[in-house]
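So you can see what is in the structure, the chains are spelled out below.
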Amino acid sequence: MIVENAMTPSPITVGASCTVLEAAEIMLANRISGLPVVDDDGVLVGMITEGDFLRRYELNTDRRRSWLQSWLAGPGTIADEYVRSHGRRVDEIMNSHLVVVPPTAALSDAVRLMERNEVKRLPVISDGRLVGIISRSDLLRALTKVEKPSAPSTQDAQIQEAVDAEMAKQGWSRIRCQVRNGVAELSGTIFDERERLAAKVAAENVPGVRAITDHLTWIDPY
């Protein structure tokens, strides 16, 4: 699946010259936690999110530092924090370091960008224009739309073959599976307890598996 198939098209935006209060009201009214910021020509110039409202002097949540902490932080950091907690306009507190993604990118690429840059949403840009936004909630919606695999033959031999193939694909050759009446019995050895759950997940995702019996043995590799 690509970004275009999962993104929210024509996202709600806020002007760079709008007030912080107006941006907050737009978020609340539309139940969203982030807004693309555009200039007077409609060009994307930043993002503003609910995280930008955490340290505000109006709420008495602005950062307070001792003289030593202020000295260690440096004048530039102190000035930047002051602007973010006291700024009245969106362009004063927004994040202008944009991470964007094209609509033709794979969803896996978008997720990688989110993780690498620790952001919850990405503006989608095509030919220099903002055409959408993809967020974690969009990924959840995409997950619910994934077509569920059709149920194959319920013959135990075929189910077992599919489970064994998945185990081999993941490199878990020490884990064996026996299927009886749709119940997958896992046996063999694991060197890390996390492999137990991974093996169960691998088996339960094979169509036809009704239940799983765990006979795996953990061995301390040391």
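Our subject is the structure that appears above.
Predicted model only: the values in this text are computed from it and were never measured. Throughout, residues of each chain are indexed from 1 in the direction in which the sequence is written. The model is predicted, so local features are restricted to residues of pLDDT at least 70 and side-chain atom pairs to those at 80 or more, both for listing and for counting; the totals for chains, interfaces and linings are taken over all residues. Hydrogens and water are ignored here; the side-chain numbers use all heavy atoms of the structure.

Enquirer: Explanation requested: the overall build of the protein chain in the structure shown.
Expert: Labels follow the DSSP assignment, with helices taken as runs of H or I lasting at least four residues and strands as runs of E lasting at least two, numbered in each case from the N terminus. Across its full length, the protein chain carries nine helices and nine strands. Against the 2.2 N^0.38 benchmark of 17 Å for 222 residues, the protein chain shows a C-alpha radius of gyration of 25 Å, more extended than a compact globule. Here's how the labels work: a residue is buried when its accessible area is under 20% of the maximum for its type, exposed when over 50%, partly exposed in between, all with a 1.4 Å probe on protein chains only. Per-residue burial for the protein chain yields a buried fraction of 32% across its 222 residues. Whether two residues touch is decided by their heavy atoms; if any such pair falls within 4.5 Å, the residues are in contact. Restricting the contact set of the protein chain to residue pairs at least 6 apart, pairs at least 24 apart contribute 56%. Accessible surface for the protein chain amounts to roughly 14300 Å². Of this, 53% is attributable to carbon and sulfur atoms. Both charge centroids of the protein chain, one from 26 positive and one from 31 negative side chains, sit 4 Å from each other. Put simply, the radius of gyration uses C-alpha atoms, and a globule should come to 2.2 Å times the residue count raised to 0.38. Here, Shrake-Rupley sampling with a 1.4 Å probe gives the accessible areas, and only protein chains in the shown set may cover a residue. The charged-residue count follows a simple rule in which Lys and Arg add positive charge and Asp and Glu add negative charge, with His and chain termini not counted at all. To locate a charge, take atom NZ for lysine, CZ for arginine, CG for aspartate or CD for glutamate.

Enquirer: Whenever I open this one, the environment of Leu 139 confuses me. Can you help?
Expert: Turning to its location among the elements, Leu 139 is positioned in helix H7 (residues 136-145). Overall, Leu 139 belongs to the partly exposed group, its relative accessible area being 23%. Spatially, the C-alpha atom of Leu 139 lies 24 Å from that of Gly 128, the residues being 11 residues apart in sequence. Apart from the residues within four sequence positions on either side, Leu 139 is in contact with Leu 107, Val 111, Met 114 and Ile 134.

Enquirer: Can you help me understand the sheet that holds strand S5 (residues 121-126) in this one?
Expert: Strand pairing in a sheet relies on backbone hydrogen bonds. The paired strands run either parallel or antiparallel. Taking strand neighbours across the sheet as the criterion, the three strands line up as S1-S6-S5 in an open arrangement whose pairing is antiparallel. Among the strands making up the open sheet, the edge pair consists of strand S1 (8-9) and S5. At least two DSSP bridges between two strands are required for those strands to pair. Taken together, the two bridges between S1 and strand S6 (residues 129-135) define a ladder with antiparallel strand orientation. Directly across from Pro 9, in S6, lies its bridge partner Gly 132. Contacts from helix H6 (residues 107-117) reach S5 and S6 within the one sheet, and its direction differs from that of S5 by about 130°. Only the contacting stretch of a helix is used when fitting its axis, a line to C-alpha atoms as for every element, and angles between N-to-C directions run 0 to 180 degrees.

Enquirer: Would you mind going over the sheet that holds strand S4 (residues 44-49) with me for this structure?
Expert: Read from one edge of the open sheet, three strands run S2-S3-S4, paired in mixed fashion. A strand with exactly one partner marks an edge of an open sheet, and here the two such strands are strand S2 (14-15) and S4. In this sheet, S4 lies alongside strand S3 (residues 34-38) in antiparallel orientation, the contact comprising five bridges. The residue of S4 that forms the bridge with Gly 34 is Thr 49. Set on the sheet, helix H2 (residues 20-30) makes contact with S2, S3 and S4; between it and S3 the angle comes to about 135°.

Enquirer: What's the story with H6 in this structure? I'm lost.
Expert: Think of an α-helix as turning once every 3.6 residues; residues three or four places apart then point the same way. Listing the buried residues of H6 in full gives Leu 107, Ala 110 and Met 114. All buried residues of H6 lie within an arc of 60° about the axis, which places them on one face of the element. Turned more than 90 degrees away from the buried face of H6, the exposed residues are Glu 115 and Arg 116. Among the residues trailing H6, Glu 118 stands out with phi positive, at a value near 55°. It is the directions from the helix axis to the C-beta atoms that the arc portrays.

Enquirer: How should a nonpolar patch on the surface be read in this particular structure?
Expert: What goes into a patch is any residue over 30% in relative accessible area without a salt bridge, connected to like charges within 9 Å or, for nonpolar side chains (Val, Leu, Ile, Met, Phe, Trp, Tyr), within 5 Å. Only one rule defines a salt bridge in this text: a Lys or Arg side-chain nitrogen within 4 Å of an Asp or Glu carboxyl oxygen. Judged by side-chain polarity, Trp 67, Leu 68, Trp 71 and Leu 72 come together as a nonpolar surface patch covering roughly 580 Å² of accessible area. Tracing the backbone shows Trp 71 in helix H3 (residues 67-73). Of the residues examined, Trp 71 reaches a relative accessible area of 64% and is grouped as exposed.

Enquirer: I keep staring at unusual backbone geometry and nothing clicks. Help me out?
Expert: For residues that are not glycine, phi is negative in most cases, and the peptide bond is trans in most cases. Within the chain, Glu 118 stands out as a residue other than glycine whose phi angle is a positive 55°. Within the secondary structure layout, Glu 118 lies in the loop between H6 and S5. A positive phi is found at Asn 181, a non-glycine position, where the angle reads about 55°. Asn 181 sits in the exposed class, given a relative accessible area of 60%.

Enquirer: Can you walk me through the side chain of Arg 196 in this structure?
Expert: With respect to the element layout, Arg 196 can be found in helix H9 (residues 194-204). A distance of 2.9 Å separates a polar atom in the side chain of Arg 196 from a polar atom in the side chain of Glu 193. Filtering out sequence-adjacent residues up to four positions away, Arg 196 remains in contact with Ile 190, Asp 214, Leu 216 and Trp 218. Identification of polar contacts relies on pairs of N or O atoms within 3.5 Å, with a donor-acceptor requirement for protein atoms, meaning one able to donate a hydrogen and the other able to accept it, and with residues adjacent in sequence counted only if both atoms are side-chain atoms.

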